[in-house]
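Examining the three-dimensional arrangement
Each chain is listed here by its residues.
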Amino acid sequence: MHVQFKVFRQNPDSSPHFQTYELEVEPGNTILDCLNRIKWEHDGTLAFRKNCRNTICGSCSMRINGRSALACKENVGQEVARLQAIAHSSADQGSVHDAAMPTITIAPMGNMPVIKDLVVDMQSFWDNLQAVEPYVSSEARHIPEREFLQTPEERDRLNQTGNCILCGACYSECNARETNPNFVGPHALAKAYRMVADSRDDRTPARLDQYNSTSGVWGCTRCYFCDAVCPMEVAPLQQISNIKQEILAQDQVEPTRAIRHRRTMVNMVEQGGWIDERQFGLRVVGNSFRDLKGLASLVPLGLRMLATGKFPGRFEASEGTAEVRSLIRSVHALESKGTESVDVHSTFAKPMTPTDTSGSTEMPVPPAASSPSVPPQEVPPEPEPAFGWTPYAERINGRFAMIGFVALLILELITHQDFFTWLGLR
Ligand code: FES
């Protein structure tokens, strides 16, 4: 078959552009085969990385038709079929595609600067991997004479994350990396869970503490792209979720803002079916009146909301709250059983495979609460929630709490009296 390849070209001293090459290829030829032929037969200046040609080394990761993949894994036939499927679905929506000659577009990975053509500078990728300390630590333990023994079950826990070949595909597609340069990335956190899950490692509490931040697991935006493109089915998002579960299971863990965010959201949805905007910021950012600095940071937003009439006066539970509550409690019940299928994220998230031709970004539908293993629980409707604040704060609604807080703050500043302590709010 005759195929056109649009290849990204860039030199350090010139503007990037796409260069087109045409090849007569077999459907079974890999993209790497085609790049080799382009380099050997058409243009020796084309730069790209490769090594094993067999999905082992991870060197040949690049963007093929818009998504990161291994050039030695994807073949021309699959790519053309994928393009045709996308073209058909787009044609259904009214756009016209010229399918006279299939065109495969090849570009460098994202989230990393280009050195030349398809070669990117992966320094940040390696630095972020290093940051999670991806080595089994046995510092504080007695070192056995021969080797550390593991049961087959303990070893099995490492299989999925152990498959990572550090190709960078997940890092390339990571939305969180695009907006948060401190986020270490899905590859690093998948490796981090590899360490947390390893029975030989003796630093689990310190590791969980280290990953418990927006540079770590709470920086993930759960876009699922990492799971979708991973050529080795490591499912980095699932590993990030596993670390979160470990962090949340620790009773002694300091409830950071990220943890409060998660807990408050689940609690509110469980109680009222959706989020009570009046209370959410106060409980998460203000830490239920314990974080006065955080609370003060909400004041400008609260005042703007009040001024524009966007501060909800009262909260009404959503329709179907009982079903939502039943679903959440069913998941909690599964989690407490400790079975493998309990991970909410892995249960709800059905990762797209790299060859998924649908191009759909729709979220998979969560399983019904009436799955055969966990019958739905009959839950009586609950009254509007009592929030976990001080008793005083529970009696007032969010709008007056915010106004009152500002007034008290001003009063304290003027009189130098400790009103917050006097009222039991500090
Ligand atoms: Fe080694 Fe593709 S060349 S993974």
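About the criteria used
- In this numbering scheme, every chain counts its residues from 1 along its sequence in written order.
- In keeping with the predicted nature of the model, local features appear solely for residues at pLDDT of at least 70, side-chain atom pairs appear and are counted solely at 80 or more, and the whole-chain, interface and lining totals rest on all residues.
- Strands are runs of DSSP state E lasting at least two residues, helices are runs of H or I lasting at least four, and both sets are numbered from the N terminus onward.
- Each residue after the first adds 1.5 Å to the expected span of a helix.
- Two axes define the bend at a residue: one fitted to the seven residues ending there, one fitted to the seven starting there, and the bend is the angle between them.
- Among buried residues, those of type Ala, Val, Leu, Ile, Met, Phe, Trp, Tyr and Cys that are joined through C-beta atoms within 7 Å form a set called a nonpolar core.
- Counting other C-beta atoms within 10 Å of a residue's own tells you its class, since 20 or more makes it buried, 12 or fewer makes it exposed, and anything in between is partly exposed; those C-beta atoms are placed from the backbone.
- Bear in mind that the domain bounds are from an automatic or database domain assignment.
- Here the contact rule is simple: place C-beta atoms from the backbone, and any two residues whose C-beta atoms are within 7 Å are in contact.
- Per residue, pLDDT measures the predictor's confidence, with a range of 0 to 100.
- Strand pairing follows a simple DSSP-based rule, namely that at least 2 bridges must link the two strands.
- In this description, a line fitted to the C-alpha atoms serves as the axis of each element, helices being fitted only across the stretch in contact, and the angle between N-to-C directions of two axes falls anywhere from 0 to 180 degrees.

1. Some thoughts on helix 14 (residues 292-307)
Spacing of three or four residues puts side chains on the same side of an α-helix, whose turn is 3.6 residues. In a regular helix each residue adds 1.5 Å, so 16 residues correspond to 22 Å; helix 14 covers 22 Å between its end C-alpha atoms and thus fits that length. The sharpest bend along helix 14 reaches about 35 degrees and sits at Val299, with the proline Pro300 one to four residues further on. Once helix 14 ends, the next one or two residues include Gly309, with phi positive near 70 degrees.

2. Some remarks on the nonpolar core
Membership of the largest hydrophobic core comes to 63 residues, with the highest contact counts inside it found for Met62, Ala71, Ile106, Leu189, Ala192 and Ile243. When residues in this core are grouped by element, the largest group, seven residues, is from helix 8 (residues 186-196). In terms of domain composition, this core takes at least three residues from each of domain 1 (2-116) and domain 2 (122-249). Setting aside residues no more than four positions away along its own chain, Met62 makes contact with Phe48, Ala71, Ile106, Ala107, Pro108, Met109 and Leu118.

3. A closer look at unusual backbone geometry
Of note in this structure, Thr55 is not a glycine but carries a positive phi near 60 degrees. Looking at the element boundaries, Thr55 is found in the loop between helix 1 (31-42) and strand 3 (61-64). Residue classification places Thr55 among the partly exposed positions, given that 15 C-beta atoms sit within 10 Å.

4. Details of the confidence of the model for the protein
For the protein, the average pLDDT comes to 81, and 78% of its residues sit at 70 or higher. Ignoring residues within four places in sequence, the model shows residues 339-392, a span with pLDDT below 50, making 77 contacts including any to other chains.

5. As for the sheet that holds strand 2 (residues 17-24)
Reading across the sheet, the five strands line up as 2-1-5-3-4 and stay open at both edges, with mixed pairing between neighbours. Taken across any chain shown, the strands that pair with only one partner, and hence form the sheet edges, are strand 2 and strand 4 (67-70). Pairs of neighbouring strands in the sheet enclose a mean axial angle of 35 degrees, with direction left out of account. Note that strand 1 (residues 2-9) and strand 2 share eight bridges and pair antiparallel. Bridge pairing in strand 2 links Val3 to Leu23. Set on the sheet, helix 1 makes contact with strand 1, strand 2, strand 3 and strand 5 (103-107); between it and strand 2 the angle comes to about 95 degrees.

6. Concerning the pairing of strand 5
Looking at chain direction, strand 1 and strand 5 are connected through four bridges and run parallel. Residue Lys6 lies in a different strand from strand 5, and its bridge partner there is Thr105. Where strand 3 and strand 5 come together, two bridges link them in antiparallel fashion. Across the sheet, Arg63 pairs through a bridge with Ala107, a residue of strand 5.

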